[in-house]
Amino acid sequence: MNSSRWENFLGIAARAGKVISGEELVVKSIQKQNAKIVLLSKDASENTKKKVTDKCLFYNIDYVWIEDRNVLGKAIGKEQRVVVAVNDQGFSKRLKELLDH
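In this text, all values refer to a predicted model and were calculated from it rather than measured experimentally.

Thresholds, definitions, all that
Each chain has its residues counted from 1, following the order in which its sequence is written. Totals for whole chains, interfaces and linings use every residue, but because this is a predicted model, local features are given only for residues with pLDDT of at least 70 and side-chain atom pairs only at 80 or more, for both listing and counting. Water and hydrogen atoms were dropped before computing side-chain values, which therefore reflect all heavy atoms in the structure. By definition, any uninterrupted DSSP run of H or I lasting at least four residues is a helix, any uninterrupted run of E lasting at least two residues is a strand, and each is numbered from the N terminus. Radius of gyration here is computed from C-alpha atoms only, and the compact-globule reference equals 2.2 Å multiplied by the residue count raised to the power 0.38. Here the term buried applies to any residue with accessible area under 20% of the maximum for its type, exposed to any over 50%, and partly exposed to those in between, with areas from a 1.4 Å probe on protein chains only. Pairing between strands requires that DSSP locate at least two bridges from one strand to the other. To define axes, lines are fitted to C-alpha atoms, for helices over the stretch in contact only, and angles between the resulting N-to-C directions are given on a 0 to 180 degree scale. Residue contacts follow a heavy-atom distance rule, with two residues in contact if any of their heavy atoms lie within 4.5 Å. Only the six-membered ring of Trp is used, alongside the rings of Phe and Tyr, when aromatic pairs are assigned; centres must lie within 6.5 Å, and planes under 30 degrees apart are stacked while those over 60 apart are edge-to-face, with the rest tilted.

*Asks:* Explain the overall build of the protein chain here, please?
*Replies:* Secondary structure assignment for the protein chain yields five helices and four strands. Listed N to C, the secondary structure of the protein chain is α-β-α-β-α-β-α-β-α in terms of helices and strands. On C-alpha atoms alone, the protein chain measures out to a radius of gyration of 12 Å, which is about the 13 Å that the 2.2 N^0.38 rule sets for 101 residues. Principal-axis analysis of the C-alpha atoms places the extent of the protein chain at approximately 30 × 25 × 25 Å. By the burial criterion, 40% of the 101 residues in the protein chain qualify as buried.

Right, dumping it as structure tokens:
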């Protein structure tokens, strides 16, 4: 996985206003089916991991594991973040491609 490319792209999506972060906001976005892809930090609490992955599976939304909260936060220009969602189909499709390589 080429981290810098997906991180840069996630930053672009964030600056375009297509990214939300924080457990409650992301869960609401999943429930409304606005979230197109969810990025979840491997160092999130077990409770957060379970809640977010269960919601993603129930609503059939893709999620991807990210190494740690610092990487995720830095990518969107914020402090540490354990969960981030992209609410745009185009950004989400390209992000999946970058994360798969």
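From this point, things continue past the structure.
*Asks:* Whenever I open this one, the sheet that holds strand E3 (residues 62–66) confuses me. Can you help?
*Replies:* Two orientations exist for strands paired in a sheet by backbone hydrogen bonds: parallel and antiparallel. The sheet built from four strands is open, its strands ordered E1-E4-E2-E3 with mixed pairing. Of all the strands in the sheet, the pair left with one neighbour each is strand E1 (19–21) and E3. Shown here is a sheet whose adjacent strand axes are inclined to one another by a mean of 20°, direction ignored. In the sheet, strand E2 (residues 37–41) pairs with E3 via five bridges, with the strands oriented parallel. Pairing of Ile37 across the sheet is with Asp62, part of E3. Contacts between helix H2 (residues 23–31) and the sheet are confined to E1, E2 and strand E4 (83–86), with E1 contributing the most and set at about 130° to the helix.

*Asks:* Would you mind showing me how to read the packing of aromatic side chains here?
*Replies:* By convention here, two paired aromatic rings are described through the distance between centres and the angle between planes. Throughout the structure, instances matching the rule amount to three aromatic pairs. Aromatic side chains Phe9 and Phe91 sit 5.4 Å apart centroid to centroid with 50° between the ring planes, which places their arrangement in the tilted category. Here Phe9 is found in helix H1 (residues 3–15), whereas its partner Phe91 is found in helix H5 (residues 89–100), with 82 residues between them in sequence. For the pair Phe9 and Phe91, one class covers both residues: buried.

*Asks:* Looking at this structure, how should I read the side chain of Ser92?
*Replies:* As for its placement among the helices and strands, Ser92 is situated in helix H5. Overall, the relative accessible area of 0% leaves Ser92 in the buried class. With sequence-adjacent residues up to four places away left out, Ser92 is seen in contact with Lys36, Ile37 and Val86.

*Asks:* Whenever I open this one, the environment of Lys36 confuses me. Can you help?
*Replies:* Structurally, Lys36 is set in the loop between H2 and E2. For the pair formed by Lys36 and Asn47, sequence separation is 11 residues and the distance between their alpha carbons is 22 Å. Beyond its immediate chain neighbours, meaning those up to four positions away, Lys36 contacts Ile61, Asp62, Val86, Asn87, Asp88, Gln89, Ser92 and Lys96.

*Asks:* Just to check I follow, could you spell out the pairing of E4 for this structure?
*Replies:* Within a regular strand, side chains alternate between the sheet's two faces. The alternating pattern of E4 places Val83 and Ala85 on one face and Val84 and Val86 on the opposite face, and all of these are buried. Looking at chain direction, E2 and E4 are connected through four bridges and run antiparallel. Bridge pairing links Ile37 to Val86 in E4.

Note that all results are geometric; they support no functional claim without further evidence.
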